Amino acid sequence: MFHLSRSRNVLQSLKYAAWPKHASNTSSAPASVTDAKEEHEEIVLQARKKLQPRLPLAKNFFVGLVDKELLAYPEVVPRDDMAQLENDLKPLQDYFTADKFKEAINSTETLAKDLQNLDIYGLNISRDYDGKGWNFSASLMAAEPECQGSVDIALSLLPHRSIADALQVKGTPEQQQKYLTKLAKGSLVATEAIYELDAPDYSLFHTKASYDATNQNWCLNGSKTFVVAPPKVAEASQLFLVLAQTPRYSERVESDQASVTAFLVESNVPGVKIHERVETLGCRSTTMQTVTFDNVNLKENCILGLPHEGQLVGEFLQQSSRLRNALIAIGLSKNILNYLTNFCTETKKMGVTLKDMEFARTHLAKATLSLYGMESMIYMTAGLLDEFQNPDVILETAITKYFSLKELLNISISLLDLKGPKALLTGEMSERYLRDAMQLYVHGESIAMLNGFIALVGLQHVGMVIGDNIRKQRNPLYFPGHIFSKFMERSSIDNPKTNMELHENLHPSLQPASMCLEQSVARLQMCCDLLLTRHGTGIVECHNEFRRIADMVSTIYCMFSSLARGSRSYCIGLYLADHELLTATAICQDGFEKVKNLATEIFNGQYVNNDKNIHRLSQQIIKSKGYFAEHPLKYNF
């Protein structure tokens, strides 16, 4: 018997998690106002109790473990509340598809007032501070209309929501009381001031803050760029979350070890200067600014979290930001797919409609596979955040953004393949989609840095779990018994042996697809074991291997999430659920081949997989300061 969802008592306990004000007394016995209030509070208290934390999902893929229970796709918004949520979202959907929105987008003041009236600023802020009080899953659903309506607006609201998330978890009661109600109403808009155009050579940031023990305040100096400002009314001010390098209190001389502190700085504080807009390739309606801080004096209550522990705030901020960034990629990808579908339906080439040509249909189907995987991953990750206490999802959020942005770029390139040169004409929707896709691809952080982060976090987990085995394999003469037992293993990269039995937790028709997932996880585990045995701590310099590992685990997480979603859809009878099974199966078959090829490259090593040749060529390019080959028609005599 396979599992379709959490047990009924869990669903009932979560019933009022997102909408505590909707609770009602259904008992037929008379009750006093006091009793009703106490019962309501008890229901809300029970709803807020999350399940006990589980072992990390994606991290355990690296050691060959799969949490089968999580193949029951999370249902953190119960049936009754889902109906209420859908009703609440209708005004948002209507607004972002109406002519009124198309007119308002040209006026920041009008747009900001409309967003205030729709309560968009407070989707993820607690009801205690006049917000909607929606959890991660519900707030992501509520943000979908704006993501499809306007990438620029969605991108500008992203830091506002991420900082609201951080304040609710990391902020003091005083900070929450001071800022959250204003943030929910839109009278104060929040934005991240983190990125610097030129990174320093030997420290994290040029922006620095020093503590004055006499006056008991901090002095902040520096400059931040690509600061995305949400739409705001004229009287509203901005709240910047600034990450700055800080020396520790006890050090008379500044240490080489970097320390970071997170500061909350309002735009009306003396010394804060907002410069003109920064123009970029895409998202041209988004207001991006450069902000400088010149001897800005801040009290200790302006610090979010603890002094010198800004990296913890940054990690939480990235966790929220990456997930919401992936949602914007999904919205833009849907727009591109719908645009391409209409184009293929209405366009003829050589007397044949594009929709009847195999290459065009392949593009559309591949884009659908990518979109289904992206959606499945983001709501799987959001479900883990909503359902469990303090879940370790730092890897899942990074993987979701990494996978979503790479697939968005691939989908946008389909515009060039199908539409040709016309796709780049100024004013064409396809030209705007391409620019916005490239802007999102590099927004906030480099994809190359992100894949390195994914691989490092996963390999570090492997070292913590099976570090003793790695040590034995790197010293074979001291541990011949372990080496012999390893040699006798029957599992190989071409024919990995598994006994996970994942099909027991899925619809029976997904058994072949589940085997693809099992063998992919086994190959990832064998690759990690091999890489750490082969390189040891030197693995940190093997960036090509990082890319392969990051691609493998992101593909596996996509397969896992898609299987869980497809199984749930078919078993509860959603519309076109049979095609969802087909989609999940196709994703697993594609993923199986991709993981197998990447694993083979890793096992073959640098002398077979061409890495060594690439490395030697790169050295000569650097030595020659560019392209080194002579003209193909040149003589040497």
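Residues numbered from 1 in each chain as written. Predicted model: local features only at pLDDT ≥ 70, side-chain atom pairs only at ≥ 80, totals over all residues. Heavy atoms only, no water.

## Comments concerning the overall build of the chain
Phase 1: Across its full length, the chain holds 19 helices and nine strands.
Phase 2: The C-alpha atoms of the chain give a radius of gyration of 26 Å, which matches the 26 Å a tight globule of 637 residues would have.
Phase 3: Reported as C-alpha extents along the three principal axes, the dimensions of the chain are approximately 80 × 70 × 65 Å.
Phase 4: Within the chain, buried positions represent 51% of all 637 residues.
Phase 5: Within the chain, contacts between residues at least 6 apart in sequence are counted, and of these 76% link residues at least 24 apart.
Phase 6: In the structure as shown, the chain presents an accessible area of about 31,400 Å², 52% of it carried by carbon and sulfur atoms.
Phase 7: When the 65 basic and 72 acidic side-chain charges of the chain are each reduced to a single mean position, those positions are 4 Å apart. (Helix = DSSP H or I, 4+ residues; strand = E, 2+ residues; numbered from the N terminus. Rg over C-alpha atoms; globule rule 2.2 N^0.38 Å. Buried < 20%, exposed > 50% of the residue type's maximum accessible area, 1.4 Å probe, protein only. Contact = heavy atoms within 4.5 Å. Areas by Shrake-Rupley, 256 points an atom, 1.4 Å probe, with all protein chains shown as cover. Lys, Arg positive; Asp, Glu negative; His and termini not counted. Charge placed at Lys NZ, Arg CZ, Asp CG, Glu CD.)

## Structural notes on the packing of aromatic side chains
Phase 1: All told, the structure shown has eleven aromatic pairs when counted by the stated rule.
Phase 2: Site record: aromatic cluster; members linked through ring pairs are Y95, F96 and F101.
Phase 3: Against the face of Y372 rests R565, its NZ or CZ located 4.0 Å from the ring centre. (Phe/Tyr/Trp six-rings, centres within 6.5 Å; stacked < 30°, edge-to-face > 60°. Lys NZ or Arg CZ within 6 Å of the ring centre and 35° of its normal.)

## A few points about the side chain of S320
Phase 1: Mapping S320 onto the fold places it in helix α10 (residues 310-346).
Phase 2: Those residues in contact with S320 that sit more than four places away from it in its chain are F136, S162 and D165.

## Looking at the UniProt feature "domain: ACAD9/ACADV-like C-terminal" (unreviewed entry) in the chain
Phase 1: According to UniProt, the feature "domain: ACAD9/ACADV-like C-terminal" (unreviewed entry) maps to residues 508-627 in the numbering used here.
Phase 2: Along residues 508-627, the helical share is 81% and the strand share 0%, with 56 Å between the first and last C-alpha atoms. (UniProt positions renumbered as here; feature names shortened; annotations may be inferred.)

## Remarks on empty space enclosed by the protein
Phase 1: A complete count under the given rule lists six cavities of 30 Å³ or more for this structure.
Phase 2: What the largest cavity holds in volume is close to 80 Å³.
Phase 3: Contributing to the lining of the largest cavity are R54, L55, P56, L57, L70, L384, F388, P391, D392, V393 and E396.
Phase 4: Residue classes in the lining of the largest cavity are distributed as eight nonpolar, no polar and three charged.
Phase 5: By volume, the second largest cavity amounts to about 60 Å³.
Phase 6: As for the second largest cavity, its lining consists of L140, A143, E146, C147, A154, L158, R161, R324, L327 and I328.
Phase 7: No other element matches the four residues that helix α7 (residues 136-149) contributes to the lining of the second largest cavity. (1 Å grid on protein atoms, 1.4 Å probe; cavity = no way out; pocket = protein on both sides within 12 Å on 5 of 7 lines; lining within 4 Å. Points joined across faces, edges and corners; volume = space filled by probe spheres on them. Nonpolar A, V, L, I, M, F, W, Y, C, P; charged D, E, K, R; others polar.)

## Observations concerning unusual backbone geometry
Phase 1: Despite not being glycine, D119 shows a phi value in the positive range, around 60°.
Phase 2: Note that D119 resides in the loop between α6 (108-117) and α7.

## Section: the pattern of salt bridges
Phase 1: Scanning the model with the defined rule gives 27 salt bridges in all.
Phase 2: Where E601 meets R548, a salt bridge forms, and the shortest distance between an N and an O atom there is 2.7 Å. With E601 in helix α18 (residues 577-604) and R548 in helix α17 (residues 543-572), this residue pair connects regions lying 53 residues apart in the sequence.
Phase 3: Of the residues examined, E601 reaches a relative accessible area of 29% and is grouped as partly exposed.
Phase 4: What makes R548 buried here is its relative accessible area of 2%.
Phase 5: Of the charged contacts, one joins E630 and K634 as a salt bridge, the two residues approaching to 3.3 Å between their closest N and O atoms.
Phase 6: Through salt bridges that share partners, K334, E375, R565 and E580 make up one connected network. (Salt bridge = Lys/Arg side-chain N within 4 Å of Asp/Glu carboxyl O.)

## A look at the environment of A398
Phase 1: Within the fold, A398 resides in helix α12 (residues 394-419).
Phase 2: On the basis of relative accessible area, A398 is assigned to the buried category, the value being 0%.
Phase 3: Put simply, A398 and Q318 are 80 residues apart on the chain and 8.4 Å apart in space, counted from C-alpha to C-alpha.

## Re the nonpolar core
A general tendency of soluble globular proteins is for nonpolar side chains to be buried together.
Phase 1: Counting residues in hydrophobic clusters, the biggest one holds 113 residues, and the most contacted among them are F61, I454, L524, I549, M552 and F560.
Phase 2: Among the elements that take part in this core, helix α11 (residues 358-387) stands out by supplying 14 residues, more than any other.
Phase 3: Apart from residues lying up to four places away in sequence, I549 is in contact with F62, A455, L524, C527, C528, L531 and I602.
Phase 4: Residues L92, Y95, A138 and V189 belong to the second largest nonpolar core, which totals 24 residues. (Core = buried A, V, L, I, M, F, W, Y, C linked by side-chain atoms within 4.5 Å.)

## A look at the pairing of strand β2 (residues 208-212)
Phase 1: Bridge count for β2 against strand β3 (residues 217-229) is five bridges, and the pairing is antiparallel. If you follow Y211 over to β3, its bridge partner there is W218.
Phase 2: Between the antiparallel neighbours β2 and β3 lie four residues, among them Q216 with a positive phi of about 55°. (Pairing = 2+ DSSP bridges.)

## Details of a nonpolar patch on the surface
Phase 1: Together, I614, L617, I621 and F628 give the surface a local cluster of nonpolar side chains, amounting to about 340 Å² of exposed area.
Phase 2: Judged by its relative accessible area of 45%, I614 falls in the partly exposed class. (Patch = residues over 30% accessible without salt bridge, like charges linked within 9 Å, V, L, I, M, F, W, Y side chains within 5 Å.)

## Considerations on the pairing of strand β4 (residues 237-245)
Each regular strand shows side chains that alternate between the opposite faces of the sheet.
Phase 1: Summarising burial for β4: nine of the nine residues are buried, a large majority.
Phase 2: What you see with β4 is no split at all: S237, L239, L241, L243 and Q245 on one side and Q238, F240, V242 and A244 on the other are buried throughout.
Phase 3: Here six bridges tie strand β1 (residues 188-193) to β4, and the two strands are oriented parallel to one another. Within β4, the residue paired with V189 across the bridge is Q238.

## Here we look at the packing of α7 against α11
Phase 1: Two elements in contact, α7 and α11, have axes whose closest approach is 8 Å; the angle formed by their N-to-C orientations is 145°. Contacts between α7 and α11 involve F136, S137, L140, M141 and E144 from the first element and I378, Y379, A382, G383, L385 and D386 from the second.
Phase 2: Broken down by class, the residue content of the contact of α7 with α11 amounts to seven nonpolar, two polar and two charged. (Axes fitted to C-alpha atoms, helices over the stretch in contact; angles between N-to-C directions.)

## Thoughts on the side chain of T347
Phase 1: Secondary-structure assignment places T347 in the loop between α10 and β8 (348-349).
Phase 2: Taking the relative accessible area as the measure of exposure, T347 reaches 17% and is therefore buried.
Phase 3: Excluding residues within four positions of it along the chain, T347 makes contact with V352, T353 and L354.

## A look at helix α9 (residues 173-185)
Phase 1: Between the first and last C-alpha of α9 there are 18 Å, a value that for 13 residues agrees with the 18 Å anticipated at 1.5 Å per step.
Phase 2: Helix geometry: α9 is bent most strongly at Y179, by close to 30°.
Phase 3: Along its buried surface, α9 packs onto α8 (151-170), β1, β4 and β5 (260-266).
Phase 4: In the stretch just after α9, G186 is the one whose phi turns positive, near 85°. (Expected span 1.5 Å × (residues − 1). Bend = angle between axes of the 7 residues up to and from the residue.)

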